[in-house]
Structure formats: structure tokens, C-alpha cells
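So the chains spell out like this:
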Amino acid sequence: LVFMTLTSKTAIVILNWNGEKLFSKFLPSVIENSQRENIEIIVADNGSTDQSISFLKENFPSIKIIDLKENYGFAEGYNQALKQVEADYFVLLNSDVKVSKNWITPCIEQFEADKQIAAIQPKILSFNQPDSFEYAGAAGGFIDKFGYPFCRGRILNQVEKDNKQYNQSTQLFWATGASMFVRAKTFKKLGGLDGDFWAHMEEIDLCWRFKNSGFKIIYEPKSVVYHLGGGTLSYDSPQKVYLNFRNNLYMLFKNLPKNQFKRIFIIRMILDGVAAVKFLAGFQFKNFW
């Protein structure tokens, strides 16, 4: 492979909460495929109660550690960590992501070619089924007229196999926080992630604010990563269900014009009610509540 010379500094920041069991499986690929000049790998520990920090110091001494001391949640945890990082580009990377060779260069090339690009998402494939897209991000995010997010390669719970049908770079509405490249200056200018989200959909809110400010969100298929998913909070967790529904409505309230939000909110109360009945019919009582 022929690499371009990257003069801009890139910081890969992995936010960790009790992810000690994930490090041995996923960190080696990040180190192996990211050991380049001007690339720094950082783990920001979000108040873990396991032995994450001591494990990192003993087994991965080359990785910089930011100890946040308490659990700020995904959104504010990243905000607190990135205040302590100086770089031209941030890579927000989940602790349960395996990266491939040359996953950084195509994204940095996109940033360097177009200053209006604020965020870039790689192709997200499943760690357990590498020939299929992964639920959280797949081939890039969009949003429907009622405010429900979806991805190319994944609609609701239906995930497509990767047959190279999404191998063209394209503009998105949102990029997944599982693996998101962001222009640091723009991230900080817009105030970073909204800490009130705690976790889930904060990256969609951020991308919406990027777009409202005239910036672009891009999908770059030459960069490929493999996401386990549910590494910290499982996909069927009642807490995750709550955060997804709550944060989605909060995001619409923040980013839509007032009159448009009122119309959509009425429709959403009906549609979200149908979703609640579906949980009840499936005996998912905690999700229903």
C-alpha cells in the first residue's frame, strides 16, 4: 500500500467504561493499523469500576490514558476528554471496534480536499459477521420525515450483506459515533456533543448542527472497520430503549423549526405509542414501561 504523508495531527480517542475485557480483542488492531507519524492513540476512562486503567498500563504502555475519574456518559465523557486533546482531527472510536489496514488515510484525504467536511464515517461491518453491515452505522445514516434515523445497509432490524453496493463516497445526514472522524476545530466551535443526551443519538444531533451550520457529513467506504456492538450497553437493554426514544424527541425539539416540530410531535406520539404496544405484545414489559 502507498500512503500519503499526513502532516495534520490525528487523535484516536476511545472512550472506555468497564471495557477491560474488550481491550485484548480490539486494541491490537488499532495499534497495528494506526502506528503512523502524527497519529496518537488515547483511551479516556469514564470512571470505570473494573481494572481497565491498570490493565492498559501493564499491557498497552504506548497508549495515552485520560482518567476522567467519574462516568459522564458517552456525550459529556467525550467532551471532557477532548478538552485535553490537541489535534487537527479527532477519531471517536468505540472500544469494541476492530480496524483494518489504511483506515485513516482515506478519511484524512477527504478532510484535506474539502474544508466544508466536518465529519466522516467509515464503512461499518459486523465483527461477528464480517460479510454483513453492522447495526450501528452500516453504510451511513439518514433520517426520515418523522425523525426516525436509519442507515444504508440497515433498516429497522434488517441488516444487509456487504456486496459492495455502497462502495461510493457520498454525503450523509449523520455519521455513527461508533467510528466517527471529526474536524476538531469545527467540533469545538459548535460546542461538541450535547451532554444532556448522556448516550445515544448525540452524534446525530451533532451532525444535524454541523449541517445547519453549512458543513458536510461524508461516508468513506475505503475506510473499513468491524463493530461488535452492544459492548457497553446491549441493543435490547430497556435503558437503551428509553434513551433512544427520549433523545430522538429531544433532538427534533432542538433542531427543527418550532411549527414543524409541533406537527411531527403529534404524529410521533401516535407512532411511539404503537411501538410501546408492540413491546407489550412481545412481553417486553420493561421496554414497554
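You'll find the structure just up there.
Report follows, based on the coordinates. Just so we're clear, the structure is a prediction, and the values are computed from it rather than from any experiment. Per chain, the residues get numbers from 1 upward, laid out in the order the sequence is written. For this predicted model, a pLDDT threshold of at least 70 governs which residues receive local features, and a threshold of 80 or more governs which side-chain atom pairs are given and counted, while totals over whole chains, interfaces and linings are taken from all residues. Side-chain numbers here rest on the full set of heavy atoms in the structure, without hydrogens or water.

## Quick word on the pairing of strand β1 (residues 10-16)
Item 1. Accessibility here uses a 1.4 Å probe with only protein chains present; expressed as a share of the type maximum, an area under 20% marks a residue as buried, one over 50% as exposed, and anything in between as partly exposed. For the purposes of this entry, the term helix denotes a DSSP run of H or I that reaches at least four residues, the term strand denotes a run of E that reaches at least two, and both are numbered from the N terminus. Within β1, 7 of the 7 residues are buried, which leaves it mostly tucked inside the rest of the structure.
Item 2. Residues Thr10, Ile12, Ile14 and Asn16 of β1 are buried on one face, and the alternating residues Ala11, Val13 and Leu15, pointing to the opposite face, are buried as well.
Item 3. One ladder, built from 7 bridges, connects β1 with strand β2 (residues 39-45); its direction is parallel. By the bridge assignment for β2, Val13 is matched with Ile42.
Item 4. Note on handedness: a clockwise path from strand one over the helix to strand two, with the strands aimed away from the viewer, defines a right-handed crossover. Between the parallel elements β1 and β2, the chain passes through helix α1 (residues 20-32) in a crossover that is right-handed.
Item 5. Strands are treated as partners if at least two bridges between them are detected by DSSP. As paired elements, β1 and strand β4 (residues 89-93) share 5 bridges and run parallel to each other.

## Things to note about the packing of aromatic side chains
Item 1. Stacked, tilted and edge-to-face pairs are distinguished by plane angle, under 30 degrees for stacked and over 60 for edge-to-face with tilted covering the rest, among Phe, Tyr and Trp rings (Trp via its six-membered ring) whose centres lie within 6.5 Å. Summed over the entire model, instances satisfying the criterion amount to 14 aromatic pairs.
Item 2. Taking 6.1 Å as the distance between ring centres and 75° as the angle between the ring planes, the aromatic pair formed by Phe283 and Phe285 counts as edge-to-face.
Item 3. Aromatic rings pair up to connect Phe23, Phe55 and Phe60 into one cluster.
Item 4. Taking the ring centre of Tyr135 as reference, the NZ or CZ of Arg154 above it sits at 4.0 Å.
Item 5. Over the ring of Tyr148 we find Arg268; its NZ or CZ atom is 4.0 Å from the centre of that ring. Both a distance and an angle decide whether a charge sits over a ring: NZ of Lys or CZ of Arg must be within 6 Å of the ring centre and within 35 degrees of the ring normal.

## Let's talk about the nonpolar core
Item 1. Counting 53 residues, the largest nonpolar core has Val85, Phe90 and Phe210 as its most contacted members.
Item 2. Every residue pair with non-hydrogen atoms within 4.5 Å of one another is taken to be in contact. With near-sequence residues (within four places) excluded, Val85 lies in contact with Ala11, Val13, Ile42, Ile66, Phe90 and Lys188. Remark: nonpolar core denotes a set of buried residues (Ala, Val, Leu, Ile, Met, Phe, Trp, Tyr, Cys) joined through side-chain atoms within 4.5 Å.

## Some words on the side chain of Asp162
Item 1. You can see Asp162 is positioned in the loop between β10 (158-159) and β11 (170-171).
Item 2. In terms of polar contacts, Asp162 uses its side chain to reach the side chain of Lys123, at 3.1 Å.
Item 3. In this view, Asp162 contacts Lys123, Leu125, Asp131, Ser132 and Phe133; residues no more than four positions away in its chain are not counted. Side-chain atoms alone can form a polar contact between residues adjacent in sequence; in general such a contact is a pair of N or O atoms within 3.5 Å, and within protein one must be able to donate a hydrogen while the other accepts it.

## Structural notes on the pattern of salt bridges
Any two side chains of opposite charge can pair if their charged atoms end up close together.
Item 1. Salt bridge, as used here: a side-chain nitrogen of Lys or Arg that lies within 4 Å of a carboxyl oxygen of Asp or Glu. This structure, assessed with the given rule, holds 9 salt bridges.
Item 2. For Lys254, the salt bridge goes to Asp194, with nearest N and O atoms at 2.8 Å. Linking Lys254 in helix α7 (residues 238-255) with Asp194 in the loop between α5 (184-189) and α6 (202-212), this pair joins segments that are 60 residues apart in sequence.
Item 3. Here Asp205 and Arg209 are joined by a salt bridge, their closest N and O atoms 3.1 Å apart. Here the residue Asp205 and the residue Arg209 both occupy positions in helix α6, the gap between them amounting to 4 residues, near one helical turn.

## Things to note about the pairing of β2
Item 1. Along β2, 6 of the 7 residues are buried, which leaves the element largely enclosed by surrounding structure.
Item 2. Sheet analysis places β2 next to strand β3 (residues 64-67), joined by 4 bridges and oriented parallel. When the bridges of β3 are listed, Val43 appears paired with Ile65.
Item 3. Between the parallel pair β2 and β3, the chain is carried across by helix α2 (residues 52-59), and the sense of this crossover is right-handed.

## Looking at the environment of Pro106
Item 1. Mapped onto the fold, Pro106 is located in helix α4 (residues 105-113).
Item 2. The buried category is assigned to Pro106, whose relative accessible area is 6%.
Item 3. Taking the C-alpha atoms as reference points, Pro106 and Glu220, separated by 114 residues in sequence, lie 7.2 Å from one another.
Item 4. Those residues within four positions of Pro106 in sequence are excluded, and the remaining contacts are Glu220, Lys222 and Ser223.

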